[in-house]
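So you can see what is in the structure, the chains are spelled out below.
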Amino acid sequence: MAARILDGNAIRDEIYGELAGEIASLAAAGIRPGLAAVLVGDNPASRVYVKSKIAACEKLGLASIQVTPPATISTAELLAVVQDLNRRDDVDGILVQLPLPPQVDAKKILDAVDPAKDVDGFHPINVGHLVAGRPTLVACTPSGVMEIFRRSAILLEGANAVVLGRSDIVGKPMALLLMHANATVTICHSKTRNLPEVIRRADIVVAALGRAGMVTPEFVRPGATVIDVGINRISDPAQAENFFAHFPERLAAFREKGTALVGDVHPDVAGVAGAITPVPGGVGPLTIAMLMSNTIKAARLRRGSRASASVPAVAAVPR
Ligand code: NDP
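Residues numbered from 1 in each chain as written. Predicted model: local features only at pLDDT ≥ 70, side-chain atom pairs only at ≥ 80, totals over all residues. Heavy atoms only, no water.

A.B. asks: Mind laying out the sheet that holds strand S4 (residues 93–96), listing which residues take part and the relevant values?
C.D. replies: Taking strand neighbours across the sheet as the criterion, the three strands line up as S3-S2-S4 in an open arrangement whose pairing is parallel. Edge positions in the open sheet fall to strand S3 (63–67) and S4, since each of these has one partner strand only. Strand-to-strand twist of the sheet, defined as the mean angle between neighbouring strand axes without regard to direction, takes the value 15°. In this fold helix H2 (residues 44–60) packs onto strand S2 (34–38), S3 and S4, with an angle of close to 155° to the strand it touches most, S3. Contacts from helix H11 (residues 283–302) reach S2 and S4, with the element oriented near 125° to S2. (Pairing = 2+ DSSP bridges. Helix = DSSP H or I, 4+ residues; strand = E, 2+ residues; numbered from the N terminus. Axes fitted to C-alpha atoms, helices over the stretch in contact; angles between N-to-C directions. Contact = heavy atoms within 4.5 Å.)

A.B. asks: Mind laying out the sheet that holds strand S7 (residues 204–207), listing which residues take part and the relevant values?
C.D. replies: Read from one edge to the other, the open sheet built from six strands follows the order S1-S11-S8-S7-S5-S6, with strand pairing classed as parallel. In the strand order of this sheet, the two ends are held by strand S1 (4–5) and strand S6 (184–188), each with one partner. When strand S5 (residues 160–164) meets S7, the two strands line up parallel, connected through four bridges. Residue pairing in the sheet places Val163 in a bridge with Val206 of S7. Against the sheet, helix H7 (residues 171–180) contacts S5, S6 and S7, and its axis sits at roughly 170° relative to S5.

Written out as structure tokens, the structure reads:
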């Protein structure tokens, strides 16, 4: 039986529809939420990511500014950029696109972002709030995954959830959100023993490994929900043949382009799982949607007194 495909683009559109209402009520209070993106240097992948975040702002009618210092910038100079954005009243959210050049102390920069404007949810104050289960700005990718669960009616309470990966930006906050939603959570990493056996016990698998197709059908319990966070580019024809043996259209597209984006989950898992997110078109669109949602939330919280007459109370996060 083929898995239900959890369509990230459709869920993103649903969220954008709701955000449009919030943006309109903020506008009635004279507030236009604004996002500042700091893009240091010339990394082509970072440029693509920032471009799609700015495009999302434009689509929704949020204000956006881009600050593009050169790759030679020092930590002190970049700190001054962040502090300037912290002071600006028209900036509600600040995102510092990673990676930063090696001479810059990335931790110092991220810690300098005003927690009230930390729309990536990376600041230790916001991470602490998440651990304590208090409303806060939560990292975008894991909160996007929670939207997939909620809007696809996937039951988390009492479920065995296995999170593959323990990074600060995906694995750890994902595990915390699942725990707060009353799942029983196991976190796996490169030192985990008997990984296939652990995954096979899961009702819910969230894969955030950065390892193309590592989760294969033998790993997955029939009927499980599988969320594929991984984004990996493959260019080896033999690997593509293995990936797309049952997906002739994707194989043909690979042959034409010479590359393809794949997740951490092998596409054949769709034959075993109960529900699965595709790559592309699964988690990715939700990451940007949650960045937009966090920017609006940050505007509401920071400029709340001016908007309180017309804007509903902030929903508690985590849910
Ligand atoms: P990291 O490299 O920071 O973390 C990877 C995690 O996977 C680590 O905890 C690592 O373990 C674990 N891991 C790696 N190899 C194995 C293995 N063979 N067995 C068990 N565990 C393993 O990656 P990120 O969390 O930043 O990203 C993960 C993936 O998600 C990437 O493909 C990234 O591109 C993608 N991503 C997608 C986003 C989206 O919007 N869809 C957003 C962010 C990321 P250890 O800690 O022991 O090293």
